[in-house]
Amino acid sequence: MMDLPCVQWQEHVAQKWIGLDPELKETLTSQLEIDELFKCALTLTTQDDLDFVKSISSGYSVQKDAERAAKCRERGNSSFKTRDYTAAALHYSQGICFALQGSEQLSLCYANRSAALYHLQHCQESLDDIANALKNDYPSHLLHKLEDRRTQCLKHLSVGQTAEEGHHHPASKDHKAPDRAPRASAGLLTFGIRPHASVGLSSEKGRHLVAAETIAAGEVILHDRPYSCVLIPGMEEVKGKGGRQDTERVLFGVEHRRCHRCLTETLCPVPCEGCSYSRYCSTSCRRHAWEEHHRWECPLGADLKMMGVMSQLALRVTLKAGLKNVQMAREPIRDEHTESEPSGLKGQSSDSSPRHSNGTDPCTSYYGDSYPSVFHLRHHLNLHSPDVRFQCAVTIATLFLMLSEAGPPPASWDHSKLLRADSQSPDEEEGVSDWRSDLWLLGSAVLRHILQLRCNAQAIITLQDTGAANSPVQSSREIRIATAIFPTLSLLNHSCSPNTSLVFSTGTNLSADCSESGTEDGSPARGVTVTIRASKGLTPGQEILHCYGPHSNRMATQERRRLLQEQYYFLCQCEACTVEQEEEDEEEEGSEGRQQWSGVGGRPHSGLLCGKCKGSLKKSSGDEGKGFVCSQASCAHRVSLSEVSQRLQEIRVGLEKAVDLMERERPDEALRLLKLTQSQSGLILAETHPVQGELADATARAYATTGDWSNAASHLERSAVAIISQYGEDSIELGLQLFKLAQLHFNGGARGPALSVIPKVRQLLRLHGGPRCHELRELQAMEDCLQG
């Protein structure tokens, strides 16, 4: 995972730890102050470490490269010839990012992208690219092509549309709606906690959020924005209108398709002028990023990529805060060395609890989305393992040494000596000198934040469409697109059966309630937001809880507790864990196994069937938990883990081949393979197993492709059984699946079934996405048509 440094660096630091003198290891292990840990790590970081970083980072190059730009343009041309204009635009965008400023290659990439965007009916963006091509000395003998295209674009635009400049274009679509369906209206938001919730404090739970009054299911509890975030590099397939081609697959990562500041998805990114990696949805986002952090990250881009997302995010938080804010967070306080045993909750005070001179503990206060809210989160210094401490400290010390040679700070670091983003300060030499004297504060703050992020980082999730773009039934999967730290969201403690629902949005208009009141050209400032709603009714005084990952519907109690203990340093005592543990204790004392486990949120089944009696299989208490046994005492048939894994793998292979056939527009062959795979899966998988749900969903898509709406709906109903088992009756996942079912019934003219499922869909979409989400409007249109 890109969150952590690359494997070579982890191994290098691990060997460094192994080779340390035992007394020095003890000194590092017993260190309770971050400042001292950082200084100690700094003395152990050598030129050899810096040289090792450079040797690795050469494989993560972010330099401009004319040859690579030309190759990207050639791949774009190939996609353009097959009329895959989306892939073509992305290839040309890659070429634009690699091309040298002012080069002919840059002008050619802009011109070619303008053609792809024109065919995608993004005429304003096409005009913008034509203008950029002309600014970069487009070859004179080809100018007639641009003039013809400009004329065609203008014909498609009204006078009002022509006046709109390309900041957050229609091609940059995510700002119109949240990423994670259902997509809500992106109106102006007021950030912070709503009046019906308040911040509580207790020795057991630390800072936490409680209902101040009755909160109905679906009501908004808070809106939050990240203090900072970093996009996660990762490869995802981008399909054109016909899905996969028989030629080589076209792969693009989220780093190629999203703004590196507000995460808006865009086909026509604005490149960083200094590196080939960073790109943005608009010139305003590029400028904000440059002033906030990128002017310093840019020359170190390769080093930061190999050091991982967490290191970069910790640095970015510190750069955004600036020297003044870091000093204000530190000056009135001194680290104290005691911390009570954590009750398990990440969004609490710093474990080295700083105290103001008047005796007030800053951890007891709520600072909104300002830097102190981040600074006073727990960093768990005395709970991280010695090797983890050392890994973090040496990584940040190495980064510190590289930064100390990078010149003056970005403007955000020293508010008393703001440096223009586009020019050097007249007092540059003095600025560099002052900067280096204060640099250790940055190093210590970055180390503090990377330790905090191990427990407080939040994944930003979106739904990624899968399957062919022209499929009549679309499927999707959740993906992480970024890692962030949210000051207010971090207040929420964990439950394995939470009472909240989260929806992330990208490119959201922040102008109503943000220091970034807008941009120089008048366009609104954009950013990432999260909306937290109650997924259940809450009573006054009830704690508001969020799931950190391990959920009672999808994971057994002991596994959840183990994972939470390892990452967040607490033994989960939520209601779901407590009830399920009591049931397990009763079972161990001799009570008979049950076919259905009760308890808050339910206890997850294995979803596996006994090959003899078709009863459910459960984890065996023998064989070190590496096998399964039939839950029926009269059968007690045993199956090894290896046998189950092999059969599951065979089923998955069949599923993947069938999906590939569908995307190659061969649905009849896909259906034959799916039927064969389902006959095999029925011998070992219950209807509630996730893979069985995936098979049913794929079969529904195949039938829909052939126009057999009735069979498609029947199989989609089967897939909903697995969704309910995994996510619950009131989940957004079920809502989205039933929304597809309503579409199938509507397309097939099944008026009664469509009208019967629409109320449930409406209830779930309103619960998680609010009353103005996009799907509700489509649902209402279907209902009006059926009733009219």
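Residues numbered from 1 in each chain as written. Predicted model: local features only at pLDDT ≥ 70, side-chain atom pairs only at ≥ 80, totals over all residues. Heavy atoms only, no water.

Observations regarding the confidence of the model for the chain
Averaged over the chain, the pLDDT score is 82; the fraction of residues at 70 or greater is 78%. Across the chain, the secondary-structure element scoring lowest on mean pLDDT is helix 10 (residues 159-163), at 47, and the one scoring highest is strand 8 (residues 270-271), at 97. Taken as a whole, residues 174-187 scores under 50 in pLDDT and shows 61 contacts with residues more than four places along the chain or in a different chain. Low confidence marks residues 512-522, where pLDDT is under 50. Its contacts with residues over four positions away, or in another chain, come to 23 contacts. (pLDDT = per-residue confidence, 0-100. Helix = DSSP H or I, 4+ residues; strand = E, 2+ residues; numbered from the N terminus. Contact = heavy atoms within 4.5 Å.)

Some remarks on the packing of helix 7 (residues 104-119) against helix 9 (residues 143-155)
Running from N to C, helix 7 and helix 9 cross one another at 30°; their axes reach a closest spacing of 11 Å. The angle between helix 7 and helix 9 falls in the class roughly parallel. The way helix 7 lies across helix 9 gives a crossing that is left-handed. Of the residues in helix 9, those in contact with Ala-111, Ser-114, Ala-115 and Tyr-118 of helix 7 are Leu-146, Arg-149, Gln-152 and Cys-153. Among the residues making up the contact of helix 7 with helix 9, the classes are represented as five nonpolar, two polar and one charged. (Axes fitted to C-alpha atoms, helices over the stretch in contact; angles between N-to-C directions. Parallel < 35°, antiparallel > 145°, perpendicular 65-115°, else oblique. Left-handed = near helix turned anticlockwise from the far one by under 90°. Nonpolar A, V, L, I, M, F, W, Y, C, P; charged D, E, K, R; others polar.)

Re the pattern of salt bridges
Scanning the entire structure with this criterion turns up 23 salt bridges. Among the ionic pairs, Lys-54 bridges to Asp-303, the shortest N-O distance being 2.9 Å. A residue pair is termed long-range when its members are at least 10 positions apart, and Lys-54 in helix 4 (residues 47-57) and Asp-303 in helix 13 (residues 301-330) qualify at 249 residues. Judged by relative accessible area, which is 44%, Lys-54 ranks as partly exposed. (Salt bridge = Lys/Arg side-chain N within 4 Å of Asp/Glu carboxyl O. Buried < 20%, exposed > 50% of the residue type's maximum accessible area, 1.4 Å probe, protein only.)

Topic: the packing of aromatic side chains
For any two aromatic rings, the description comes down to two numbers: the centre-to-centre distance and the angle of the planes. Evaluation of the coordinates by the stated rule reveals nine aromatic pairs. Measuring from ring centre to ring centre gives 6.3 Å for Trp-9 and Phe-52, while their planes differ by 35°; the resulting arrangement is tilted. Of this pair, Trp-9 sits in helix 1 (residues 7-18) while Phe-52 is found in helix 4, placing the two residues 43 residues apart along the sequence. When the ring of Tyr-227 is compared with that of Tyr-371, the centres are 5.8 Å apart and the planes differ by 45°; the resulting orientation is tilted. (Phe/Tyr/Trp six-rings, centres within 6.5 Å; stacked < 30°, edge-to-face > 60°.)

Observations concerning the packing of helix 22 (residues 709-727) against helix 23 (residues 732-747)
Helix 23 packs onto helix 22 with a crossing angle of 170° between their chain directions and a minimal axis gap of 9 Å. On the basis of their axis angle, the class for helix 22 and helix 23 is roughly antiparallel. Contacts from Trp-709, Ala-712, Ala-713, Leu-716, Glu-717, Ser-719, Ala-720, Ile-723, Ile-724 and Tyr-727 in helix 22 reach Glu-733, Leu-734, Gln-737, Leu-738, Lys-740, Leu-741, Leu-744, His-745 and Asn-747 in helix 23. Split by residue class, the contact of helix 22 with helix 23 holds twelve nonpolar, four polar and three charged.

Things to note about the state of the cysteines
Throughout the structure, instances matching the rule amount to zero disulfides. Cys-72 provides the cysteine sulfur closest to Cys-109, a residue in no disulfide bond, and the two sulfurs are 7.4 Å apart. Under the relative-accessibility criterion, Cys-109 is labelled buried at 0%. (Disulfide = S-S within 2.5 Å.)

Here's the deal with unusual backbone geometry
Backbone geometry at Leu-263 places phi at a positive 70°, although glycine is not the residue there. Mapping Leu-263 onto the fold places it in the loop between helix 11 (254-257) and strand 8. Phi is positive for Tyr-569, close to 65°, though the residue is something other than glycine. Along the chain, Tyr-569 falls in the loop between helix 17 (557-568) and helix 18 (575-588). Relative accessible area serves as the criterion here: at 14%, Tyr-569 is assigned to the buried category.

Some words on helix 25 (residues 774-787)
For helix 25, which comprises 14 residues, the first-to-last C-alpha distance of 20 Å matches the rise-based estimate of 20 Å (1.5 Å per residue) to within 8%. Structurally, helix 25 contributes buried residues whose contacts are with helix 23 and helix 24 (751-769). (Expected span 1.5 Å × (residues − 1).)

Observations regarding the sheet that holds strand 1 (residues 192-193)
Sheets are built from strands paired through backbone hydrogen bonds, the pairs being either parallel or antiparallel. In space, the four strands of this open sheet follow the order 1-4-14-13, with antiparallel pairing throughout. Looking at the sheet topology across the chains shown, the edges are occupied by strand 1 and strand 13 (500-509). Here strand 13 runs beside strand 14 (residues 526-534); their pairing, made up of eight bridges, is antiparallel. Residue pairing for strand 14: Phe-504 is matched across the bridge by Val-530. (Pairing = 2+ DSSP bridges.)

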